[in-house]
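For reference, the chains in residue letters:
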Amino acid sequence: METLTSLLMGIQQAATPTNLFFCLIGTFLGTLIGVLPGLGPAATIAMLLPMTFRLSPLASLIMLAGIFYGAQYGGSTTAILVRLPGESSSVVTCLDGYAMARQGRAGAALAVAALGSFFAGTVATLVIAFAAPPLSQLAITFGPAEYVALMTFGLVGATILASGSVLSAVGMILLGLLLGLVGTDLSSGALRYTFDIPALFDGLGFVTVAVGIFGLTEIIANLEDSAPRILITSKLSSLWPTREEFRRSVAAMTRGTVLGCLLGVLPGGGATLSSFASYSLEKKVSKHPERFGKGMIEGVAGPESANNAGSQTAFIPLLTLGIPVGAVMALMIGAMMIHGVAPGPGVIKSNPQIFWGLIASMWIGNAMLLVINLPLIGIWVKLLSIPYRFLFPSILLFCCIGVYSLNNSVLEIGFAVFFGFLGYIFRKFDCEPAPMLLGFILGPMLEENFRRAMLINQGSYMIFIQRPISLALLVATVALFLLLLLPGFQKKRTDMFQEEQ
Amino acid sequence: MRLDWKNIGAGLTYGLFGALGLILGGELPMGDAAAMGPGYVPRMVSVALVGIGAILVFRGTLRSRSAIRFPAFSWGINTLVLGSVMAFAATLERAGLIAATGVLVAVSVFAGEKPRAKETLALIAALSTLVVLVFVYGLGVHMRVWPW
């Protein structure tokens, strides 16, 4: 009951004209970047973060969150119409969505994707509302040892559940941790890796790093492989699925939502893993697995619901533990800190209007997205015909201005260029950038808690196995590593992401 | 010998950063486990990075499953894109946002398809109007706008 009262309070907070306006801006921008390939939510949020200084904390968080889940909606549109996933979480939607579009059922696929996302978004909002308070309660008892164990679990999970080589991902995390140490050491005041550059005394800005490795690198990579885009020009047939299609979708949406809600919470999970997992689940439960890839509506309904549910429940660890599960959540942490809201279990008590307002705004935002996407689909399709040669100079310009306005310094732009090139090198060697940003954000927190835990216990590592919660988390971490040694798991892990090819 | 250059490349990059972490952080006091100095954690992380780098290089050379060539780098695109951003940075405080936008667009378009002069000029005009209106007047970002 208390949850419902709080949720109502949140709706009141989110429904003020200003907040509604920024929710609309966020979801609109999200759809836009979701439709436009080559600009993801991480780069966009990083670019816009400095501009949110002037907004109220709630308005800016509402807007930034809207960009994130809005991008999942927009990403599916391009996946269905041009077989080009706007976001990695829509990769599997290409398979059956595009096949449907070629059979003249693009309208039905788009409608099912949007309705599934809305349904999943609604359920996920309720899941957050009910799961977050008890988790915060638990987390408030955490000491430094528990935090160290939790962050270790999160970082290890992020490497194992993501795609690509585990060793590489561990390397990226460590590199992120090292970069996170740049700046003044809080407990001794010593300067570390600053090269006597005053701009580095406060550490590298995560916005700069994110704009570099997500924004600039992405542009270079896109320019490198200029694959032509083929737009389905046939008229969009009826927007509505048939009764039969609808019946089949509802079951898939439900399964996708449940799966997404669960996987979204896991570190490294989130939207992408959810959609891949849902696609293989649909294939497995279907009586006609051979028809997948040829226009099965379940192949659109399931993953599209799952990625939206996953992108929303990813906020649970952020809001209750202050631990981000992915790159975008890491940026949201940064956004909270900019506004003086310390992320962690205390948020729900100290800033209830922000906590509940943000949750309620997600539901409002999902309703807005339904309107933005279905009736206005024609506009988004038109946008796709903007050539990339106009887009990329514009994106570059926004990246530059975003980074400059951080603290009115052109030096920051130089740092972003460094990370842009570093990101390019890593891309060439198949190293995923997301774990690096995760390590970068968690680095200072991890170090501080680690040093504090060791100080309290006179330098004994035993503390981490003496405290039950910490021990449980470390056992879970070891279990994750052991999973890798299971003969079947490595193959499963590769299979899960194989649809990508 | 089969060489997997993607593993080797990643390993060398990690190793390089780990080594830099150790060398540049060499002066930082270590402290001990009970009272860690500012150098303790950086050293731990750097050593781990060097270790991961070594394992990756090992996997890429002695235990390579397949030969993977060193990936081709598009130096031209990198130079043009990153160079245009540097040019923006160099121009912004000296000659203002409009000039910087012009420089950025004029350089970066060469990274894409064959640029057309008229199109590029139109893009510069449209973008500089947009950013001045949105960022300087709309969002109130403090920036020099005009060259004078």
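Residues numbered from 1 in each chain as written. Chains lettered and ligands numbered in written order. Predicted model: local features only at pLDDT ≥ 70, side-chain atom pairs only at ≥ 80, totals over all residues.

1. With respect to the overall build of chain A
And then number 1: When its secondary structure is counted, chain A shows 23 helices and two strands.
And then number 2: Computed over its C-alpha atoms, the radius of gyration of chain A comes to 22 Å, within 12% of the 23 Å expected for a compact globule of 501 residues.
And then number 3: Based on the C-alpha atoms only, the size of chain A along its principal axes is roughly 70 × 50 × 50 Å.
And then number 4: By residue count, 60% of the 501 residues in chain A fall in the buried class.
And then number 5: Sequence separation of 24 or more characterises 80% of the internal contacts of chain A that already satisfy a separation of 6 or more. (Helix = DSSP H or I, 4+ residues; strand = E, 2+ residues; numbered from the N terminus. Rg over C-alpha atoms; globule rule 2.2 N^0.38 Å. Buried ≥ 20, exposed ≤ 12 C-beta atoms within 10 Å, placed from the backbone. Contact = placed C-beta atoms within 7 Å.)

2. Considerations on the packing of helix α4 (residues 57–82) of chain A against helix α16 (residues 352–373) of chain A
Residues and elements named next belong to chain A.
And then number 1: Taken N-terminus to C-terminus, the directions of α4 and α16 make an angle of 35°; their axes are 9 Å apart at the nearest point. As for the relative orientation of α4 and α16, their crossing is right-handed in sense. Along its contact with α4, which presents Pro-57, Leu-58, Leu-61, Ile-62, Ala-65, Gly-66, Tyr-69, Gly-70, Tyr-73 and Thr-77, the element α16 presents Gln-353, Ile-354, Gly-357, Leu-358, Ser-361, Met-362, Gly-365, Leu-369 and Asn-373.
And then number 2: Its residues assigned to classes, the contact of α4 with α16 shows eleven nonpolar, eight polar and no charged. (Axes fitted to C-alpha atoms, helices over the stretch in contact; angles between N-to-C directions. Left-handed = near helix turned anticlockwise from the far one by under 90°. Nonpolar A, V, L, I, M, F, W, Y, C, P; charged D, E, K, R; others polar.)

3. Section: the interface of chain A and chain B
And then number 1: Taken residue by residue, the interface counts 53 residues in chain A and 57 residues in chain B.
And then number 2: Those elements that provide at least two residues to the side of chain A that touches chain B are α8 (166–180), α9 (206–224), α18 (388–407), α19 (410–428) and α20 (434–456) of chain A.
And then number 3: Looking at the side of chain A that touches chain B, the element that brings in the most residues is α18 of chain A, giving twelve residues.
And then number 4: For the side of chain A that touches chain B, the per-class residue count stands at 34 nonpolar, ten polar and nine charged.

4. Notes on the domain arrangement of chain B
And then number 1: Split into domains, chain B comes out as domain 1 (5–61) and domain 2 (75–138).
And then number 2: For domain 1 of chain B and domain 2 of chain B, the distance between their C-alpha centroids amounts to 39 Å. (Domains from an automatic or database assignment.)

5. Concerning helix α2 (residues 40–61) of chain B
And then number 1: For α2 of chain B, with 22 residues, the first-to-last C-alpha span of 32 Å sits near the 32 Å given by 1.5 Å per residue.
And then number 2: Within the sequence span of α2 of chain B, burial applies to Tyr-40, Val-41, Pro-42, Val-45, Ser-46, Leu-49, Val-50, Ile-52, Gly-53, Leu-56 and Gly-60 of chain B. (Expected span 1.5 Å × (residues − 1).)

6. With respect to the confidence of the model for chain B
And then number 1: When pLDDT is averaged along chain B, the result is 90; 100% of the residues meet or exceed 70.
And then number 2: Summarising per-element confidence for chain B, the mean pLDDT is lowest in helix α4 (residues 117–138) of chain B (91) and highest in helix α3 (residues 75–108) of chain B (94). (pLDDT = per-residue confidence, 0-100.)

7. Regarding unusual backbone geometry
Residue and element names in this part refer to chain A.
And then number 1: Phi at Phe-195 is positive, roughly 50°, even though this residue is not glycine.
And then number 2: Turning to its location among the elements, Phe-195 is positioned in the loop between β2 (191–192) and α9.
And then number 3: At Asn-408, a position not held by glycine, the phi torsion is positive, near 45°.
And then number 4: Take Asn-408: it is sitting in the loop between α18 and α19.

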